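Observations on the three-dimensional arrangement
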Amino acid sequence: MTLYFDTKIEFLDSDAVSTISSWHPSEPLFAVASFSPDRGGSVTIFADTGEPQRDVTYPVHVASQATALCWHPEKALLASGWEHGDIHVWFAGHREFASVNAPHKAAIVLLQFSEQGGRMVTADAMGLVTGWRCDGQYQFLTMFSHDLREVLLLICFRRTVESEVREEMANLAKAAVAGDENALDTLTNWRPRTAARSMTHSGVRDNHCFYACTQGGVVYYINQGGACVEVMKCGSLPPIVQMLWHPKKDAVICLMEDLTVTLFLVESTGILTELDRVKMSGRGGGRQGGIAWSGNSLAIITGDLFVRIWDIERSDNYLLKMDLPSGSQLIGSSQTSLSNGTISSSNQFFSQDSTESSNMPRKAQKFGQMNGEIFTCLAYSSSNQTLCAGTSSGNLYTWKRSGSRLVSAPEEAWQLTNISSVRGAIRSCEWGFNELAKPCMLVNCLSNVFMLKEQPLLAFHTRELWAVQRSAKSVHLMHCSGRETSIQSEFPVTALALNDLSLVMSNGRSISSYSLQKVEKSLDEFDEILEAVEGQGASTTTTAPTPPPLSVKLLQTFPAECLSLNLFNQNIFCLASSDIMVYSVGGVVLHRIQASDIEGKIIGMDLSGCYLSVFTMNGNVKAYDVSRHDPKLLFPSKSGHDIFDDFGEFIMVKCNSNGSHLALVIASSNFTPISTLFCWDFERNNLFEYGLVEDSRRKDSSSSSLPVRIFWDSDEARLLAVEVKSMMQKTLPQHHQQKNSQQQQPIHFVQSKILLLFYSEKGCLNVLESHLMTPGSQLLNLCVPNVIRMKINAVEEQPLQDFADLQQCDAVTRKQVLNFSLYVAEGNMDLAYRNIRSIQSKVIWTNLAKMCVHTNRLDVAKVCMGHLEQARSVRALRQAMEDDDLEIEAKVAVLAIELGMIEEAKDLYRRCKRFDLLNKLLQATGRLDEAVLLAETEDRIHLKHTYYQKAQELRERGDLKGALEYFEKTQNPAQNITQLLLENPSVMKRYIQNTTDPKLLKWWGQYIESSGDMDAALLVYHKAEDWFSQVKILCYLGKISKADVIARQSGDRAACYHLARHYENVGKFQEAIMFFTRAQTFSNAIRICKENDFQEELWTVASSSRQRDKAIAAAYFEECGNFKHAVELYHRAGMLHKALEMAFESQQPEILEIIASELVPESDAELINRCADFFCSIEQFQKAVQLLAKTRHLERALSICLEKGVPVTEELSEMLTPEKGEFEETTRVGILIQLGELLQQQGDYHSATKKFTQAGDKMRGMKSLLKSGNTDKIIFFANMSRQREVYIMAANYLQALDWQSDATILKHIVSFYTKGQAFDSLANFYAICAQIEIEEFQDYGKALTAMQEASKCLEKLSHAQHAYNNLQRTVADVKTILEIQQAIRDGDNQLVIGSCRSMLIKPELPPIRHAHILAMLIRALVYAKQYTEAGRALKELAVKDNSWSSSGLVDRGVVQKIAKECDLDFDLIWNSGRQVTASTSGTAVTGMTSTSAMTTSDDDEADDEEITEELH
């Protein structure tokens, strides 16, 4: 699919011969040094057109010639070294070559620039090396000079920025494509034109260090400052002839003179460390240009006709193929013949005469090998992944690394695409770029220089005419009527355009216009076309006449700069370097379309119908209507930055046929193509987009896509076709990997497809359909109803899915069907049906029905089938639609079957996984092999049936062997195989002898038995292991003993039964009984036992027989009076009533216990009660209760427990507990309460509490628990019950315990009273606490606290106001006593004395005691030294409390003081207070809540008087 044009470089002197050449790395310029005998040596600079640069005075030396050429890597600057040591430099824009003052006196042999051109190094033949610096004014200054005194072979600058820059550029490519650094080159040949070429090294510092290798094998390293260090001396090794820097790491690869390739690691100081060394075998020695990087691998030539690739990272190497592939094998590469993609140019790059000449290079290759032809040079282009190698015989081999397919071996990725011949041995070849950034090749032979340009194959298509370029100067023109012609141009064609009237071609510098005779189709031609379509390729008896060729006439050839061409009517639109020129077909300039300085120069155009779309260098786009005399601008120029968020440059712009929308493909701001197609409605300023990136769900593959070609339909303005190339990434399985590979490597391959899109009024792009493209084809045009593709160099038409049978329909029908398709794709079925309901053609309705298979529209399909008058199909479709068990795909498959679309039906069944229906379809269509395979893998339910159908097919075809094989697989061969072979007994016998199928052997044995051959039948039955048949024949033959052995060993029931019948007939009843038992026909054995009164045998047989037989035997034993066996057999037979009745009558309690143990709640109630009564009658009350509890007769069980005092254990208690739902709720509660009372009577309070709780009566549960006295369980139960009464009962219980010494009990008492809201009880409890604190501890502070808590409780009671008032008075008195105690501590004795006397005046009311007040009064009087008063108070105390001294109310020292001061007997006084009497002060505390609680009786007063008198 590629053309190569070669141009011989013509020097200013016709007799000059070329010497050396060089192409600029980034500019479309190259220089060639030549030598003429008349003028001497010269250097000429050429443009990419092959013409010398104008306005340049080239240097000429009569006695000298140029020996070295080198371009500056970024600037248009050429440095040339000459034989006499001069250096001349040319700068772009300068006329003259400038001379540089150099110290060299000998010939310049080496001249190199650093990576960014900041340092230039020259070396002469005497070993003098000089470094130069080029300043901004193009002045070269000497930086250093070293005299190495030895001839230098090479200079290699250090490339510190190589890996970083390439990684940065690779990341840009990876952002757009699937991660392969060459994927951008593989998918599209577009290159940014607005991006600065110097961007490559932006922001990276230039490195001036370099290596210099001498002829003696010494390697010098010159650093940034110019210091020279010897880093390696080869010694005995040969010198280095070529050194290349590694593309990804700080390493160099070196080619020695003896073909040794060595990899060195480069340190920061320049020291070289050897990493790997490979010795190549070959003829001759290494030379400059013998190695070249091809991506990440190294290409090597070794003095023969082979190119070896060394993959350093994978440690793999291989040879490139030297055979041109055939047309069927080549994928996406160029070839030589007319049937292939690549055709030679006119100057012998390839022969253009015939396909035979294209085969000559293959013969030349073999011939060249025999004549010592060798490769002399290598060059690799990373932009198009092409490696070229020149030979000593003038042949140029070109290999292209293809990413369009998966490969199992790395050498298969390289395809030899071209073998061409040039005049003279090839000395060097070099890749460069032209103005459009397209790769070009410069080939330097012994005396000539050729420039080769690569160009895609040109083709142009309209609805009726199309043109395809067949060679460089040949264009083949064809008409849809079959008429064709070939046009030979005067020049190599690089651009062409076509319409119904004219054909124009250009080579970039000239334009030729041709006039075409209009072809009118006659009615006869239309009839022939229709007959050809209806006949579908049927052969005709008469040979059609050859149509006349098209008439083409050359009008004019005129000079014009041309990058691309378009044609409308008689106007030629030519894109020049900066504007668009409009010519007439006669060459007259009609218009000139220019862009403003702000817009930049025009870099692209496209013409669709009468609408011209244009985009400029600065990213502006505009469109013109060229249907009139003057082009009319459709909208003001629009910048891409205003349309898109991320914009760098326009790649393609195409306008639709009605001039309303533009299809746009752009690059992002980093100048990488965006995987999105944009459609801009410039009238409404709406932008639609369609993302082309495919999200692959598979883990082992991924992809990304780029649009490469776009075509709008010429009639339907909404429809466009896009060719999309996708870089697929797939990880091959492990067994496809190399043996030495450590991990799976991703494999990249290109996949192309065509998307048909249309824009809708909803503002979006929708997909109509898509087509996968075969390798080597490309999109050429879209003309509904066909998509036009070019396969190699042939034009192919692929109809749209909706036009499969409608290629020759008229325009109206085409419009209706297309609208129908678009509306269906949008989902608007109403408009879709409205477009087609007027169509009457059955072909159209058939095609639309087929389209419904793809759209799953069964409702529309039913209408289509109705128009086709297919009643049977309509019925089948309606039945499928009404079947709810069918998936939608299965229903659509029914439609596909009715339309004969068997493959689509198969795909639909597979999609919905209805393999059963797919199996049935395959069987119905006769594809039984596929059906068998499907049944074996997916539809195993119908596997045997499928085998049967396959066997029947083979049987009908007469293939008995195959039929037998499949009949055997059905696993039912007896019936099928016997019917198949019955007519041929000998074959049947041979087959049976080799089979092991028991059924088939049994059938064969029966067949032999029917013929009377019993012995043979016995053998067959033995092989089939048919024991019954063997016993039957042995009994017939009288061999009873042998039959007995077989029956015993096999245990076969049928055999045993037959032998038992035989024994019965001969009177051997014991043996008959045994074999009847083995055959499990117990009724026969029982019958024999009864007839012969064998009771023991009857018992044995009946014990293992069925229930019915047990009942029969039990009745027999009952008649015989053997009640024990009868009862047991009745019991085993399940006749429990009968067994119980007989057990009662025969008094067998053991059996009754066994029967009772097997009773369940579902058993008969009467039977249960009878058993219980029996146990009660024999005073086995425990067993009776157990039985009743087990069978859920709980009320009677409880009554027996109460009446008979049966102890209730925990297990029995659980058995007597009814489950929820087992009884009515009232009955269940009554049973639980009764059970709880029973447990309470027996002293099991905890279980009783549990039952009361289950019954819901928590009060009874608490009462029962209180009787147990378990404090912890009482507290737990109270907390869990959450009932007021339960809380109060628990608190009352706890109050009776020793709560004074256990704070936890005290806390629970307060908590329970509070939760139970028994505030009166709580107040009484606090009053008790206060009284205890006063009486036992005299702690009025704690007593006050308790009284305050009691006061809070009484505040919550409305009926305790009187008690609350009394309590408040008591609180006031307690506070007074606390104040007295504080006064004692403060020493205020008078206050204490006064307060005590005031308190003593009041009557004594509990809990306050006068004795305590008198004790404080005595203490205060003593402290006040009023001893007399203190004595009186002491006497009064003795009257109030006769145990005052023992209770410690008054200290012993205070009493001694009083006795001493009052002259009293201390012992008498002290001992009088140690009497123990019943205290009358313990008045009921509960009286605090009553009206009379705080008063004392008259009897108490009388007792007090008596005590006082005794004291005195």
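Residues numbered from 1 in each chain as written. Predicted model: local features only at pLDDT ≥ 70, side-chain atom pairs only at ≥ 80, totals over all residues. Heavy atoms only, no water.

**So, the overall build of the chain**
Our working definition: By the criteria applied, helices consist of DSSP H or I runs no shorter than four residues and strands consist of E runs no shorter than two, each listed in order from the N terminus. It only takes one pair of heavy atoms within 4.5 Å for two residues to be counted as in contact. Each accessible area is a Shrake-Rupley result for a 1.4 Å probe, and residues are judged covered by the shown protein chains and nothing else.
The helix and strand tally for the chain stands at 49 helices and 60 strands. Taking contacts inside the chain between residues at least 6 apart in sequence as the whole, the part at least 24 apart equals 49%. Total accessible area on the chain stands at roughly 70400 Å², and carbon and sulfur atoms take up 48% of it.

**Some details on the sheet that holds strand 20 (residues 260-266)**
For clarity, the threshold we go by: Two strands are counted as paired when DSSP detects at least two bridges linking them. Axis lines are fitted through C-alpha atoms, for helices just across the contact stretch, and the angle between N-to-C directions can take any value from 0 to 180 degrees.
If you walk across this open sheet you meet the 4 strands as 18-19-20-21, and the pairing is antiparallel. Of all strands in the sheet, those bounded by a partner on one side alone are strand 18 (240-245) and strand 21 (272-279). Across the sheet, the axes of successive neighbouring strands diverge by a mean angle of 20°, strand direction being ignored.

**Examining helix 16 (residues 960-969)**
Which entries qualify depends on this criterion: Throughout this description, buried means an accessible area under 20% of the type-specific maximum (1.4 Å probe, protein chains only), exposed means over 50%, and partly exposed covers the range between.
Every buried residue of helix 16 is accounted for by G962, A963, L964, Y966 and F967. Directly after helix 16, the chain includes Q971, whose backbone phi takes a positive value near 60°.

**Considering the pairing of strand 17 (residues 228-233)**
Strand direction decides the pairing type here: strand 16 (residues 218-222) and strand 17, joined by 5 bridges, are antiparallel. Along strand 17, the bridge assignment pairs V218 with K233. Hairpin connection of strand 16 to strand 17: 5 residues between the antiparallel strands, including G226 at a positive phi of 95°.

**Topic: the packing of helix 9 (residues 858-867) against helix 10 (residues 871-882)**
The criterion, for reference: For classification, angles of less than 35 degrees are called roughly parallel, those exceeding 145 degrees roughly antiparallel, those between 65 and 115 degrees roughly perpendicular, and all remaining angles oblique. Handedness of a crossing is defined here by the sense of rotation of the near helix relative to the far one, left-handed for an anticlockwise turn of less than a right angle and right-handed for a clockwise turn. Residues are grouped as follows: nonpolar covers Ala, Val, Leu, Ile, Met, Phe, Trp, Tyr, Cys and Pro; charged covers Asp, Glu, Lys and Arg; every other residue, Gly included, is treated as polar.
It is the contact of helix 9 with helix 10, at a shortest axis distance of 9 Å, that shows an interaxial angle of 165°. Accordingly, the angle class assigned to the pair helix 9 and helix 10 is roughly antiparallel. The two elements helix 9 and helix 10 cross, and the hand of that crossing is left-handed. Here L858, D859, A861, K862, M865 and G866 of helix 9 lie close against helix 10, whose contacting residues are S873, V874, L877 and M881. Residue composition of the contact of helix 9 with helix 10, grouped by class: 6 nonpolar, 2 polar and 2 charged.

**Concerning the pattern of salt bridges**
Selection criterion: The term salt bridge refers to a side-chain nitrogen of Lys or Arg lying within 4 Å of a carboxyl oxygen of Asp or Glu.
The tally for this structure, following the rule as stated, stands at 25 salt bridges. Two residues, E51 and R509, come together in a salt bridge whose shortest N-O distance is 4.0 Å. Residue E51 is found in the loop between strand 4 (40-47) and strand 5 (60-61), and its partner R509 is found in the loop between strand 38 (502-506) and strand 39 (510-516); the two are separated by 458 residues along the sequence. Under the relative-accessibility criterion, E51 is labelled partly exposed at 36%. With its nearest N and O atoms 3.0 Å apart, the salt bridge here joins E599 to K622. A residue pair is termed long-range when its members are at least 10 positions apart, and E599 in the loop between strand 44 (589-593) and strand 45 (602-608) and K622 in strand 47 (residues 620-625) qualify at 23 residues. As far as burial versus exposure is concerned, E599 and K622 are alike and both buried. The network of salt bridges with common partners includes E903, K906, R927 and E930.

**Quick look at unusual backbone geometry**
Omega for the peptide link from V784 to P785 comes to 20°, which places this bond in the cis form. At N569, a residue that is not glycine, the phi angle is positive and equals roughly 55°. Summarising the element assignment, N569 is placed in the loop between strand 41 (564-568) and strand 42 (571-575). The phi torsion at N685 lies on the positive side, around 55°, for a residue other than glycine.

**Quick look at the pairing of strand 31 (residues 439-445)**
Among the 7 residues in strand 31, 7 count as buried, and that is most of the element. Side-chain alternation along strand 31 places P439, M441, V443 and C445 on one buried face and C440, L442 and N444 on a second face that is also buried. Of the strand pairs in this sheet, strand 30 (residues 426-433) and strand 31 are connected by 7 bridges, and their pairing is antiparallel. Along strand 31, the bridge assignment pairs W431 with M441. Where strand 31 meets strand 32 (residues 449-456), 5 bridges bridge the pair, whose relative direction is antiparallel. Counterpart to L442 in the pairing with strand 32 is M451.

**Overview of the sheet that holds strand 41**
On the basis of which strands lie adjacent, the open sheet formed by 4 strands has the order 41-42-43-44 and antiparallel pairing. The sheet terminates laterally at strand 41 and strand 44, the two strands that pair on one side only. The mean inter-strand angle of the sheet, taken between neighbouring strand axes irrespective of direction, is 20°. As judged from the 5 bridges shared by strand 42 and strand 43 (residues 580-584), these two strands associate in the antiparallel manner. From the neighbouring strand, I572 faces strand 43, where its bridge partner is Y583.

**A word on the packing of helix 26 (residues 1095-1103) against helix 27 (residues 1107-1120)**
Contact geometry for helix 26 and helix 27: axes closest at 9 Å, N-to-C directions at 150°. Classified by the angle their axes make, helix 26 and helix 27 are roughly antiparallel. Judged by the twist between their axes, the crossing of helix 26 over helix 27 is left-handed. Together, Q1095, L1098, W1099, A1102 and S1103 of helix 26 and K1110, A1113, Y1116, F1117 and C1120 of helix 27 make up the contact between the two elements. Here the residues of the contact of helix 26 with helix 27 are counted per class, giving 7 nonpolar, 2 polar and 1 charged.

**Considering the confidence of the model for the chain**
How we decide: Values of pLDDT, which run from 0 to 100, indicate the predictor's confidence residue by residue.
Averaged over every residue, the pLDDT of the chain is 77; the share at 70 or more is 77%. With pLDDT under 50 throughout, residues 532-542 is counted as low confidence; its partners more than four residues away or in other chains account for 2 contacts. Note that residues 1476-1512 has pLDDT below 50 and, in this model, 40 contacts with residues that lie over four places away or in other chains.

**Here's the deal with the packing of aromatic side chains**
Our working definition: Geometry of aromatic contacts follows a simple scheme: Phe, Tyr and Trp rings, the Trp one being its six-membered ring, pair when their centres are within 6.5 Å, and the pair is stacked under 30 degrees between planes, edge-to-face over 60, tilted otherwise. For a lysine, the NZ atom is tested; for an arginine, the CZ atom; a charge sits over a ring if that atom is within 6 Å of the ring centre and within 35 degrees of the ring normal.
Enumeration over the complete set of coordinates arrives at 26 aromatic pairs. Between W680 and F682, the aromatic rings sit 6.0 Å apart at their centres with planes inclined by 65°, giving edge-to-face as the arrangement. W680 gets classed as buried once you look at its relative accessible area, which sits at 3%. An aromatic cluster is present here, built from F615, F644, F647, F650 and F678 joined pairwise through their rings. Over the face of the ring belonging to F711 we find K654, whose NZ or CZ atom lies 5.2 Å from the ring centre.

**Overview of the side chain of H72**
Considering the arrangement of structural elements, one finds H72 in the loop between strand 6 (66-71) and strand 7 (77-82). Judged by its relative accessible area of 2%, H72 falls in the buried class. Sequence-distant contacts of H72, defined by excluding residues within four places in its chain, comprise H24, P25, L77, F113, Q116 and G117.

**So, helix 11 (residues 888-898)**
If you check which residues of helix 11 are buried, you get A890, K891, V892, A893, V894, L895 and A896. Downstream of helix 11 by one or two residues, G900 has phi in the positive range, about 80°.

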